[in-house]
Amino acid sequence: MKSYRKELWFNTSSRRELINITPDVTACLMESGIQEGLILVSAMHITASVFINDDESGLHHDYEVWLEKLAPEKPYSQYRHNGYEDNADAHLKRTIMGRESVVAVTEGRLDFGPWEQIFYGEFDGKRKKRVLVKIIGE
């Protein structure tokens, strides 16, 4: 069994952003040479997420609206966590959206269903953050 590890780095220009990282993850898979196995893609920050869904702008807007209803950014005073920081909402959004995704690797390709793509969800951005890609298999 082979193992491969790489970190992908992102520096978002806004507080919240969704980035399609499927091409980056596919490049990692090609680089690994693994044909059959599993790939783990994991946010390495407590205010970021990795998830799988459709790459459709209306859906991305719906995520923003829905998440803001569930965990509004402001007023900052509504959260106990917001003493030193102002990102309690980002922690909650990350919990809702999830930490990581696992995808099967079959014949050297990501074994996706129709329309599936991998996204990095940033909920407290404007600084450098990373995602772990770990692939195991043969």
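Predicted model, so just to flag it, every value in this text is computed and none were measured.

## Some remarks on the sheet that holds strand β6 (residues 109-110)
Here is step 1 of the chain: Strand order in the open sheet formed by five strands is β1-β8-β3-β5-β6, and the pairing between neighbours is antiparallel. The open sheet has two edge strands, β1 (2-11) and β6, and neither has a second partner.
Here is step 2 of the chain: Inspection of the sheet shows strand β5 (residues 100-106) paired to β6 by two bridges, in the antiparallel sense. Looking at the pairing, Thr106 lines up with Arg109 of β6.

## Overview of a negative patch on the surface
Here is step 1 of the chain: Together, Glu36, Glu107, Asp111 and Glu138 line one region of the surface with negative charge.
Here is step 2 of the chain: As for its placement among the helices and strands, Glu138 is situated in the segment after β8 (128-137).

## Quick notes on the side chain of Asp89
Here is step 1 of the chain: Considering the arrangement of structural elements, one finds Asp89 in helix α3 (residues 88-97).
Here is step 2 of the chain: Asp89 sits in the buried class, given a relative accessible area of 0%.

## Looking at helix α1 (residues 22-32)
Within an α-helix, residues lying three or four positions from one another point in the same direction, as the helix has 3.6 residues per turn.
Here is step 1 of the chain: Among the residues of α1, Thr22, Val25, Cys28, Leu29 and Ser32 are the ones counted as buried. The arc that holds every buried residue of α1, seen down its axis, measures 120°, which confines them to one face. Residues of α1 that are exposed and angled more than 90 degrees away from the buried face: Pro23 and Glu31.

## Let's talk about the sheet that holds strand β2 (residues 17-20)
Here is step 1 of the chain: Taken together, three strands build an open sheet; the order of strands is β2-β7-β4 and the sheet is antiparallel. In this open sheet, the two edge strands, each paired with only one partner strand, are β2 and β4 (48-53). Between one strand and the next, the sheet's axes are offset by a mean angle of 25°, whatever the strand orientation.
Here is step 2 of the chain: With four bridges connecting them, β2 and strand β7 (residues 117-122) associate as antiparallel partners. By the bridge assignment for β7, Asn20 is matched with Phe119.

## A short note on the packing of helix α2 (residues 57-70) against α3
Here is step 1 of the chain: It is the contact of α2 with α3, at a shortest axis distance of 10 Å, that shows an interaxial angle of 120°. Judged on the interaxial angle alone, α3 and α2 are oblique. Where α2 crosses over α3, the two elements pack in a sense that is right-handed. Of the residues in α3, those in contact with Tyr63, Trp66, Leu67, Glu68 and Leu70 of α2 are Lys93, Ile96 and Met97.
Here is step 2 of the chain: Partitioned by chemical class, the residues of the contact of α2 with α3 number six nonpolar, no polar and two charged.

Rules behind the numbers
- One numbering rule holds for all chains: residues counted from 1, following each sequence as written.
- Local features in a predicted model are, by the rule used here, given only for residues with pLDDT of at least 70; side-chain atom pairs are given and counted only at 80 or more, and totals for whole chains, interfaces and linings are based on all residues.
- Here the side-chain values reflect all heavy atoms present in the structure, with hydrogen atoms and water set aside.
- At least two bridges found by DSSP between two strands is the condition for calling them paired.
- Every helix listed is a DSSP run of H or I at least four residues long, and every strand listed is a run of E at least two residues long, numbered separately from the N terminus.
- Like-charged residues are merged into a patch within 9 Å and nonpolar side chains (Val, Leu, Ile, Met, Phe, Trp, Tyr) within 5 Å, provided each residue has over 30% relative accessible area and no salt bridge.
- Accessibility throughout is a Shrake-Rupley quantity obtained with a 1.4 Å probe, and a residue counts as covered only by protein chains that appear here.
- Every case where a carboxyl oxygen of Asp or Glu lies within 4 Å of a side-chain nitrogen of Lys or Arg is listed as a salt bridge.
- Charged-residue counts in this description rest on Lys and Arg as positive and Asp and Glu as negative, His and the chain ends being excluded.
- The atoms used to mark charge sites are NZ of Lys, CZ of Arg, CG of Asp and CD of Glu.
- Think of it in three bands: residues with accessible area under 20% of the maximum for their type are buried, residues over 50% are exposed, and the middle band is partly exposed, with areas taken using a 1.4 Å probe on protein chains only.
- Working note: the arc is built from the helix axis to C-beta atom directions.
- Here, axes are lines fitted to C-alpha atoms. For helices the fit covers the stretch in contact, and angles between N-to-C directions go from 0 to 180 degrees.
- Oblique is the label for every angle not falling under 35 degrees (roughly parallel), over 145 degrees (roughly antiparallel), or within 65 to 115 degrees (roughly perpendicular).
- Here is the rule for handedness: rotate from the far helix to the near one, and if that takes an anticlockwise turn smaller than a right angle the crossing is left-handed, while a clockwise turn gives right-handed.
- By definition in these notes, contact holds between two residues if any of their heavy atoms fall within 4.5 Å.
- Gly counts as polar in this scheme, as do all residues outside two lists: the nonpolar Ala, Val, Leu, Ile, Met, Phe, Trp, Tyr, Cys and Pro, and the charged Asp, Glu, Lys and Arg.

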